[in-house]
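One letter stands for each residue in the lines below.
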Amino acid sequence: MEKMSRAFDKVKMMVGMEVEDEEQRTAALGESNSFALMDEFNRNCTLSTTQRLYGFAICFAAGLTCTLLSMLVFFKPIKFAITFTLGNLLSLGSTAFLIGPKRQVTMMLDPVRIYATAIYVASMIIALFCALYVHNKLLTLLALILEFGALVWYSLSYIPFARSMVSKIMVSCFDTEF
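Residues numbered from 1 in each chain as written. Predicted model: local features only at pLDDT ≥ 70, side-chain atom pairs only at ≥ 80, totals over all residues. Heavy atoms only, no water.

If you check an unreviewed UniProt entry, the protein chain appears there as Vesicle transport protein from Cajanus cajan. Entered under Function (unreviewed entry) in the UniProt record, the comment concerning the protein chain runs "May be involved in fusion of retrograde transport vesicles derived from an endocytic compartment with the Golgi complex." The record in UniProt for the protein chain states the following under Sequence similarities (unreviewed entry): "Belongs to the SFT2 family." (UniProt positions renumbered as here; feature names shortened; annotations may be inferred.)

And the structure:
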């Protein structure tokens, strides 16, 4: 195995590629052990660019369709909550096709948006719980309002300075001192 590794290193040097030394290899192995489950999941999810685009388009179209169809049942909060939340989940999942599931999760858990992600995911769970198990229209409607606000705040976390700008606008709009 060692001979094979050295042979590959020589070929890489002939082609002009950088060759990793032993320390870099062991560091990479140690780093991969901490994300072993996610790395293995990514290896099993290898798709071509065309397949990724098809997956994104289908998943996003289905999410958009569910979200738009939820408007037809707007006055029935339980049905609205189910279709709206399903649309959000499909749209959120569609981006995993473009950037990969590991990068999607890494970006969602980034310190800049960890709270927005947690509130968004929790609000979807709460909305589904209120719609499917509690069957209370008022609680479902409140959960949907929370979910929509969390969706907007989560989406703004990907735009530089958008959350601070919206915060300043909201403070200036609702400031009671004249």
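After presenting the structure, the write-up continues.
Chemist: Residue-level account of the overall build of the protein chain, with values.
Modeler: On a plain count of helices and strands, the protein chain comes out with nine helices and zero strands. In sequence order, the secondary structure elements of the protein chain are arranged as α-α-α-α-α-α-α-α-α. When burial is assessed residue by residue, the protein chain has 24% of its 178 residues classed as buried. Considering only contacts in the protein chain between residues 6 or more positions apart, those separated by 24 or more positions represent 61%. Within the structure as shown, the protein chain displays about 12,900 Å² of accessible surface, and the carbon and sulfur contribution to it stands at 72%. (Helix = DSSP H or I, 4+ residues; strand = E, 2+ residues; numbered from the N terminus. Buried < 20%, exposed > 50% of the residue type's maximum accessible area, 1.4 Å probe, protein only. Contact = heavy atoms within 4.5 Å. Areas by Shrake-Rupley, 256 points an atom, 1.4 Å probe, with all protein chains shown as cover.)

Chemist: Help me get a handle on the UniProt feature "transmembrane region" (unreviewed entry) in the protein chain, residues and values and all.
Modeler: Cross-referencing UniProt, the feature "transmembrane region" (unreviewed entry) maps to residues 53-74, 80-100, 112-134 and 140-161 in the present numbering. A distance of 31 Å separates the end C-alpha atoms of residues 53-74, which is 82% helix and 0% strand. The span residues 112-134 shows a helical share of 91% and a strand share of 0%, and its end C-alpha atoms are spaced 33 Å apart.

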